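Survey of secondary and tertiary structure
These are the residues of each chain, in order.
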Amino acid sequence: MIAMATDPITDLVSRLEGVKQAGDGYSAKCPAHDDRNASLSVRRGNNGGAVVYCHAGCTLDAICSAISISKADLFVRKDNRGNAARRHVTETYPYVDAEGELLYEVIRYLPKDFRQRRPNGNGAWIYNMDSVQRVLYRLPDLLNSAEDRPGDWVFVCEGEKDVDALRAIGLIATCNVGGAGKWKDEYSECLRGRRVGIIADKDEPGRKHARAVAASLEGKAADVRVIECPGNGVKDASDFLGDGGTAEQLIADAFAATTEPEAESPADDEIKPQFASIAELAKSNPNLRDPIIEGLLRRGETMNVISVPKIGKSWMVLDLAISAVTGRVWLGKYPTIKSNVLIIDNELHTQTIANRIPKVASARGVMLSELGGLFVDSLRGRLRDIYAMDSYFRAIEPGKFGIIILDAFYRFLPREADENSNSDLAAIYNQIDRYADMLGCCFVLIHHSSKGVQANKSTWEVGSGGSSQARAADSHVIIRQHEVDGAVVVDAAVRSWPPVDPFCLRWSFPVWQSADDLNPNDLRQENRRKRKTEDAEPAPTTKADEPWTPQRFVSTFIKADAIDKRLIMARASSQGLSGRKTEDLIYLALADGLIHRWEPVKKTDPLRLSTHHQPLIDMGVKP
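A brief look at the structure comes next.

Thresholds applied
Residues numbered from 1 in each chain as written. Predicted model: local features only at pLDDT ≥ 70, side-chain atom pairs only at ≥ 80, totals over all residues. Heavy atoms only, no water. Axes fitted to C-alpha atoms, helices over the stretch in contact; angles between N-to-C directions. Helix = DSSP H or I, 4+ residues; strand = E, 2+ residues; numbered from the N terminus. Parallel < 35°, antiparallel > 145°, perpendicular 65-115°, else oblique. Left-handed = near helix turned anticlockwise from the far one by under 90°. Contact = heavy atoms within 4.5 Å. Nonpolar A, V, L, I, M, F, W, Y, C, P; charged D, E, K, R; others polar. Expected span 1.5 Å × (residues − 1). Core = buried A, V, L, I, M, F, W, Y, C linked by side-chain atoms within 4.5 Å. Buried < 20%, exposed > 50% of the residue type's maximum accessible area, 1.4 Å probe, protein only. Pairing = 2+ DSSP bridges.

What to know about the packing of helix H9 (residues 313–326) against helix H10 (residues 350–363)
- Axis separation between H9 and H10 bottoms out at 10 Å; the angle between their running directions is 65°. Viewed along their axes, H9 and H10 adopt a mutual orientation that is roughly perpendicular. Read as a crossing pair, H9 and H10 show a hand that is right-handed. For the pair H9 and H10, contact is made by Ser314, Trp315, Leu318, Asp319 and Ile322 and by Arg356, Ile357, Val360 and Ala361, respectively.
- Tallied by class, residues from the contact of H9 with H10 come to six nonpolar, one polar and two charged.

Side note on H10
- Between its first and last C-alpha, H10 extends 21 Å over 14 residues, near the 20 Å set by a 1.5 Å rise per residue.
- Positive phi appears at Gly365, one or two residues downstream of H10, with a value of about 75°.

Looking at the nonpolar core
- Of all hydrophobic cores here, the largest spans 48 residues; its most connected members are Phe155, Leu166 and Ile198.
- Ignoring any residue separated from it by four or fewer positions in sequence, one finds Phe155 in contact with Leu166, Leu171, Ile172, Ala173, Thr174, Gly197, Ile199, Ile227, Leu250, Ile251 and Ala254.
- With 45 residues, the next largest nonpolar core counts Ile311, Ala321, Ala361 and Leu505 among its residues.

Let's talk about the pairing of strand E9 (residues 113–119)
- Where strand E8 (residues 102–110) lies against E9, five bridges are found, and the strand directions are antiparallel. Looking at E9, one finds that Ile107 is bridged to Arg115.
- Summarising the sheet, E9 and strand E10 (residues 125–126) pair through two bridges and their orientation is antiparallel. Across the sheet, Pro119 pairs through a bridge with Trp125, a residue of E10.
- As consecutive antiparallel partners, E9 and E10 are separated by five residues, and within that stretch Gly121 has a phi angle of approximately 90°, a positive value.

Everything listed here is a matter of coordinates, which is why it stays silent on function.
Okay, structure coming up:
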């Protein structure tokens, strides 16, 4: 392949649609919004890089994300001598479907970088993977080998370069797009019944990836082995072959390998029994964890702070940070234990944060000299997802901070994570719990609310995403708009404290002040901007207006005779309940002992629910 030299302008323009010459630059459709007016301007800056501006208001981060580049790609790269280093394509890796039809490509650049692109149907490229079917690399060859060479080992590598290197010496190899951490369970179906050797890169992400692939293949592949290529300085398959390794050696290593990759230390996700009797447990844990925010949060716990955008929750959490550092009462309700606080912000510039904190401190009568325990780190421009933050948190001395604030939480989600997936969110909160235990601190996550009117939702429903975002946290603080302009209602669900009563606050820039004259029940409703008059006649209450409690749900949909869960879901939907709300109510009813599972006798039978315990005879056990 001929290497194609490019510069930031050329590369950027190749990724855009509707490009036209405009003076000494270009106009194009902005990729960050549905643009019909060519709102994007591109021109060359004084340093040779690309200057990009959307006249519709899209941020540079949003524009770069939409076309899968970083802001660093807009600048001219320098070599070791300070001269402009022209980035160029070194390899193109095509991903095709079972019939050989091109789905997308992975482009490898020098200086080392990777991009993904898909054809637009008109001979050009779209530099994102929206709505594209993901497949394994070299899929047709993989499928054909199942007939031609069914007993041969299939080697799963971390990247396309290694796959091509193994194929060049006659081995069957494949990989997933995106590298480590991006394996999908549906890929494993292509390897059903095969012998699979997973070649783990010799680093923790590579080993973790190998474990994930092995777990996904369990019960599908005929044999699964995890291999680390031998040799000093050998990290992957390409290094192994470059060091003189042969196909015969690799096959021999596969037969000799185990189903687990070698590790320099025990795997983070390895779990072993640690049970204890209740007497031992009570003796070794006589007290709850030390409080950090009285009534809300203890050391080692996680707290969500959630509201609709632009309501002022970041200002409120700055107030929390100042309260905790000085040991004051937060919002006039919650005493804090004096401790150091770290704010990790991924949205604001450092100048903006530095401007806000003194304003909040001044409004609370706090001198800057009292804030020696407040630390700030802006990740804007160097953002990493929550898993990639592992090295960051390991570099922090345990016990240094009482609270670490992540603002905003959604920007720490991995790109491939689905915010509406309970399994994805549960894993993310589990990772945060590990960081909290490791550092001996609390985590406060600033999060955005779900869509729709918040007034009619329970506390657990307000946060955006799957229900795990509420249940995985130890405290769930929500901020909803009061019907009076400039006022909010603060409510909370807590795990290790007595129940919290909602209360009202009124905005008085730059802080929130107590508003005990307002009723916390007067939440703002849809299309209701004005406060109701005192003489307005209240609407009569009907059965439909009653809140859906677990008790009401059970009495409405579940009886003594066991009912197919799918039928319960359908009936609840006809009553206007969302699937997520129904699942939450079933979960709470099960937890409260209001209903019981009737496990299926056969695997093909559906799960049923009843207000009574399942008879033993129905589980195939003779009385």
